[in-house]
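Here are the chains, one letter per residue:
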Protein chains: 2
Amino acid sequence: MKKFEEKTIHSNRLYEGKVINLKVDDVSLPNGHTSKRELVEHPGAVAIIAITPDNKIILVEQYRKALERSLVEIPAGKLEPGEAPETTAMRELEEETGYTAEKLVKLQTFATSPGFADEVVHLFVAEGLSKATNGAVLDDDEFVELMEVTLEEAERMVIDERIYDAKTAFAVLWAKQRLSIEN
Amino acid sequence: MKKFEEKTIHSNRLYEGKVINLKVDDVSLPNGHTSKRELVEHPGAVAIIAITPDNKIILVEQYRKALERSLVEIPAGKLEPGEAPETTAMRELEEETGYTAEKLVKLQTFATSPGFADEVVHLFVAEGLSKATNGAVLDDDEFVELMEVTLEEAERMVIDERIYDAKTAFAVLWAKQRLSIEN
């Protein structure tokens, strides 16, 4: 886990924002040379594989300013400070989709952009979905469109890049491979 | 693709680095409200699914300062300005692994952290691998360890998080599902 460790000589914090921070570290390499690393700090996020009672996967389309386009993704959201990932996942699922889950099973955690950011996504599988009485409860400033598609259709969307998000592409492949669903 | 577009009112570039830039944009939301978006610009990257003649997938372990740990990933690298992704992929494969490919087939492109960064990864499948005469040619300041494992072993590594990188997790699932390899 510490193989080829790059030790911090000096860390220069350049920006502390609402969501991300930026720092530039001077590091000492295994051969004694020094280098610079530009690093983004992010609180981490959750994402949820949610299959409806009629065996469709819930997808959410929203605008992603970083890419200047809308993306189709599985339901996801940032961790609040000190919040357990399960809690975030339960909340985001209900708020974004209007479904509640009996149970969330942790699938795995992975780093999304290890070359420059510490963001990790905790991936959950929602079990026992049912419609919440309230439906989706979005913030005033949140704009998303829900979709429910079969896993076969979701897989086609990965192949032809209508799904253009790495965590969602992983989630669809995983679900197609592991969940035995008859459509 | 432009659904729920957030139009830029003002863009404030806070940092221009060697690898990434940071800007904070004031945006106009679909309901006319305004908000701020903290955005990282990244040149994009390539990653390569490379299966050796004896049917093993090539993995590379290296230190990732952002996460303060080493990660096991498929061979990957940043795009140089103006460089075609295929060219980067061919170069990175040979430099990092010491293998050359007869052909690289584009699998797909995806965004890695759409919530705050524009990084995309262009994923390739290398066909017809053979050992380069020189072996791996690493920069003086590059420290990586090569691994060759079966797809079954790689899949176990995803499940138990020894593979903790999203693009690699996707690549392993894809390869396990699509490449008919007898081990």
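Residues numbered from 1 in each chain as written. Chains lettered and ligands numbered in written order. Predicted model: local features only at pLDDT ≥ 70, side-chain atom pairs only at ≥ 80, totals over all residues. Heavy atoms only, no water.

A. Spatial organisation of the packing of helix 3 (residues 166-178) of chain A against helix 3 (residues 166-178) of chain B. With their axes 9 Å apart at the nearest point, helix 3 of chain A and helix 3 of chain B run at an angle of 35° to one another. At the point where helix 3 of chain A passes helix 3 of chain B, the crossing takes the left-handed sense. On the side of helix 3 of chain A, the interface is formed by A169, F170, L173, W174 and Q177 of chain A, while helix 3 of chain B contributes A169, F170, L173, W174 and Q177 of chain B. Split by residue class, the contact of helix 3 of chain A with helix 3 of chain B holds eight nonpolar, two polar and no charged. (Axes fitted to C-alpha atoms, helices over the stretch in contact; angles between N-to-C directions. Helix = DSSP H or I, 4+ residues; strand = E, 2+ residues; numbered from the N terminus. Left-handed = near helix turned anticlockwise from the far one by under 90°. Contact = heavy atoms within 4.5 Å. Nonpolar A, V, L, I, M, F, W, Y, C, P; charged D, E, K, R; others polar.)

B. The arrangement of the relation of the copies chain B and chain A in detail. You can overlay chain B on chain A at an RMSD of 0.0 Å; the transform is a turn of 180° with a shift of 0.0 Å along its axis. Both chain copies can therefore be described as sitting about a two-fold axis. Minimal C-alpha separation from the rotation axis in chain B is found for F170 of chain B, amounting to 2.4 Å. The residues that chain B uses at the interface reappear at the interface of chain A in 100% of cases, marking a shared surface. (Least-squares fit on C-alpha atoms with pLDDT ≥ 70 in both.)

C. Examining the side chain of N21 of chain B more closely. Residues and elements named next belong to chain B. Residue position: N21 is located in strand 2 (residues 21-28). There is a polar contact of 3.2 Å between the side chain of N21 and the backbone nitrogen of G17. In contact with N21, other than residues within four places in its own chain, are R13, Y15, E16, L39, V40 and E41. (Polar contact = N/O pair within 3.5 Å; in protein donor to acceptor, adjacent residues only side chain to side chain.)

D. Region of interest: unusual backbone geometry. All names here are of chain B. You will see that F4, though not glycine, has its phi angle at about 60°, which is positive. In this structure, F4 sits in the segment before strand 1 (7-16). Positive phi outside glycine occurs at E68, with the angle close to 55°. Mapped onto the elements of the fold, E68 is located in the loop between strand 5 (57-64) and strand 6 (69-73). Judged by relative accessible area, E68 falls into the partly exposed class, the value being 28%. (Buried < 20%, exposed > 50% of the residue type's maximum accessible area, 1.4 Å probe, protein only.)

E. Region of interest: the interface of chain B and chain A. If you look at the interface, chain B gives 72 residues, while chain A gives 72 residues. When the two sides are added together, the surface that chain B and chain A hide from each other amounts to roughly 6,500 Å², 60% of it contributed by carbon and sulfur. Counting across the chain B and chain A interface gives six salt bridges. Put simply, K3 of chain A and E61 of chain B hold a salt bridge, and the shortest N to O gap is 3.3 Å. Counting across the interface, chain B meets chain A through 37 residue pairs in polar contact (both at pLDDT 80 or more). Tallied by class, the residues present in the side of chain B that touches chain A amount to 33 nonpolar, 13 polar and 26 charged. (Buried area = accessible area lost by both parts, 1.4 Å probe. Salt bridge = Lys/Arg side-chain N within 4 Å of Asp/Glu carboxyl O.)

F. Quick look at helix 1 (residues 85-97) of chain B. Residue and element names in this part refer to chain B. Spanning 13 residues, helix 1 covers 18 Å between terminal C-alpha atoms, matching the ideal 18 Å at 1.5 Å per step. If you check which residues of helix 1 are buried, you get T88, A89, E92, L93, E96 and T97. Looking straight down helix 1, one finds that the buried residues subtend no more than 130° of arc, so they occupy a single side. Tucked inside the fold, the buried residues of helix 1 contact strand 4 (45-50), strand 5, strand 7 (76-78), strand 8 (99-111), strand 9 (120-131) and strand 10 (144-149). (Expected span 1.5 Å × (residues − 1). Arc of directions from axis to C-beta.)

G. Representation of the pattern of salt bridges in the model. Throughout the structure, instances matching the rule amount to 38 salt bridges over all chains. The shortest N-O distance in the salt bridge between R13 of chain B and E41 of chain B comes to 2.8 Å. With R13 of chain B in strand 1 and E41 of chain B in strand 3 (residues 34-41), this residue pair connects regions lying 28 residues apart in the sequence. One salt-bridge network, held together by shared partners, links R13, E16, K23 and E41 of chain A.

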